[in-house]
Amino acid sequence: MKKPLIGASLALLLGGATALAGAAPASAASAPAAVAVDFAGTVALSNCSGSVVRLPASTASDPALVLTNGHCLETGMPSPGQVITNRSSSRSFTLLSSSGGSLGTLRASKVVYSTMTDTDVTLYQLNTTYSAIQSRYGIAPLTLSASHPAAGASIKVVSGYWKRIYSCSVDGFAYRLKEGGWTWKDAVRYTSSCNTIGGTSGSPVVDTATGQVVAVNNTGNEDGERCTENNPCEVDQNGTVTVRKGINYAEETYLIPACFAAGNKLDLTRSGCALPKP
């Protein structure tokens, strides 16, 4: 995992050195126009990054959701096979402006869903609505795509913790990504320019063609070790293991919308819901 960081002191020390990793300007007339991606809608946690997200069918009056990693959960990382739902939480999040400035504090009412099995995701429900956030701060949520990300797609990884944006492409997909005792399915592999670090955990991965969230940043192989913590390995359908030192990964989020009913209510029994169940 991209290790959660304890406290924000290191971020404050390094804040002045933050730089945005922008995509090269388009020169070909036929190149598709990219959606401008900034920090609006992202949040900083005490130890990770995250974003205020809506489902494709969410309405303005629904309770807002925050997306981050399962391993960023404030009570500790879920064990392999563990799924947490509808647990009370009062965790706070710093909401960022488009330029990365602090707009105010949002607060959770509960952990809607959290797991590190098959995927690495935590979804918090806030004690406020999308419309209230829009009215007070002028910030709209990011939308979770209901479609599988595409190989070769241009993406940006937006870290609210570091106030840094990484630009790269989807290099491909790991059939299984193993790290310590955890296994994730169909993980997104970045090209090398998304050299994410600790604290970027939970960052939304945004497809620049649509502006929608297609994955959540979660890990990378730091030392070239094989399948150990902070050194995930890829395992293909035949069981062949590949280690890619210095390469980073994200977990797809397209499965999430099918598991929510109207009003942003989690329903793991819905037809088409493939998220792990408790």
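Because the structure is a prediction, the values reported are computed rather than measured.

Student: I tried to follow unusual backbone geometry on my own but got confused; where do I start?
Tutor: Leave glycine aside and you will find that most residues have negative phi; peptide bonds, for their part, are mostly trans. For Asn86, which is not glycine, the phi torsion reads 50 degrees and is therefore positive. Inspection of the secondary structure puts Asn86 in strand 4 (residues 83–88). Positive phi is not limited to glycine here, since Asn230 has a value of about 70 degrees. If you trace the backbone, Asn230 turns up in the loop between strand 13 (213–220) and strand 14 (233–235). In this structure Asn230 comes out as buried when scored by relative accessible area, which is 15%.

Student: What's the story with the pattern of salt bridges in this structure? I'm lost.
Tutor: Any two side chains of opposite charge can pair, given that their charged atoms come close. For the coordinates displayed, the defined rule picks out five salt bridges. Put simply, Arg91 and Glu74 hold a salt bridge, and the shortest N to O gap is 3.8 Å. Taken together, the residues Arg91 in the loop between strand 4 and strand 5 (92–96) and Glu74 in the loop between strand 3 (63–68) and strand 4 connect sequence positions 17 residues apart. Under the relative-accessibility criterion, Arg91 is labelled buried at 8%. Residue Glu74 is classed as partly exposed on the basis of its relative accessible area of 38%. Linking Arg189 and Glu234 is a salt bridge whose minimum nitrogen-to-oxygen distance equals 2.8 Å. With a gap of 45 residues between them, Arg189 in strand 11 (residues 182–190) and Glu234 in strand 14 connect regions that are remote in the sequence. The same class applies to Arg189 and to Glu234, which are both buried.

Student: Just checking my understanding: could you explain the packing of aromatic side chains for this structure?
Tutor: We describe a pair of aromatic rings using the distance from one ring centre to the other and the angle between the two ring planes. Evaluation of the coordinates by the stated rule reveals two aromatic pairs. Ring geometry for Phe93 versus Tyr124: centroids 5.2 Å apart, planes at 65 degrees, classification edge-to-face. Of this pair, Phe93 sits in strand 5 while Tyr124 sits in strand 7 (residues 121–129); the two residues are 31 residues apart in sequence, bridging distant segments of the chain. Each member of the pair, Phe93 as well as Tyr124, is classed as buried.

Student: Is there a simple way to think about the pairing of strand 7 in this case?
Tutor: One face of the sheet, then the other: side chains in a regular strand alternate in exactly this way. Here strand 3 pairs with strand 7 via five bridges, running antiparallel. Looking at the pairing, Thr68 lines up with Thr122 of strand 7. As paired elements, strand 6 (residues 102–115) and strand 7 share six bridges and run antiparallel to each other. Within strand 7, the residue paired with Thr115 across the bridge is Val121. Linking strand 6 back to strand 7 in an antiparallel pair, the connection comprises five residues, with Asp118 at a positive phi of about 70 degrees.

Basis of the calculations
- Residues numbered from 1 in each chain as written.
- Predicted model: local features only at pLDDT ≥ 70, side-chain atom pairs only at ≥ 80, totals over all residues.
- Heavy atoms only, no water.
- Helix = DSSP H or I, 4+ residues; strand = E, 2+ residues; numbered from the N terminus.
- Buried < 20%, exposed > 50% of the residue type's maximum accessible area, 1.4 Å probe, protein only.
- Salt bridge = Lys/Arg side-chain N within 4 Å of Asp/Glu carboxyl O.
- Phe/Tyr/Trp six-rings, centres within 6.5 Å; stacked < 30°, edge-to-face > 60°.
- Pairing = 2+ DSSP bridges.

This is a description of form; function is not addressed.
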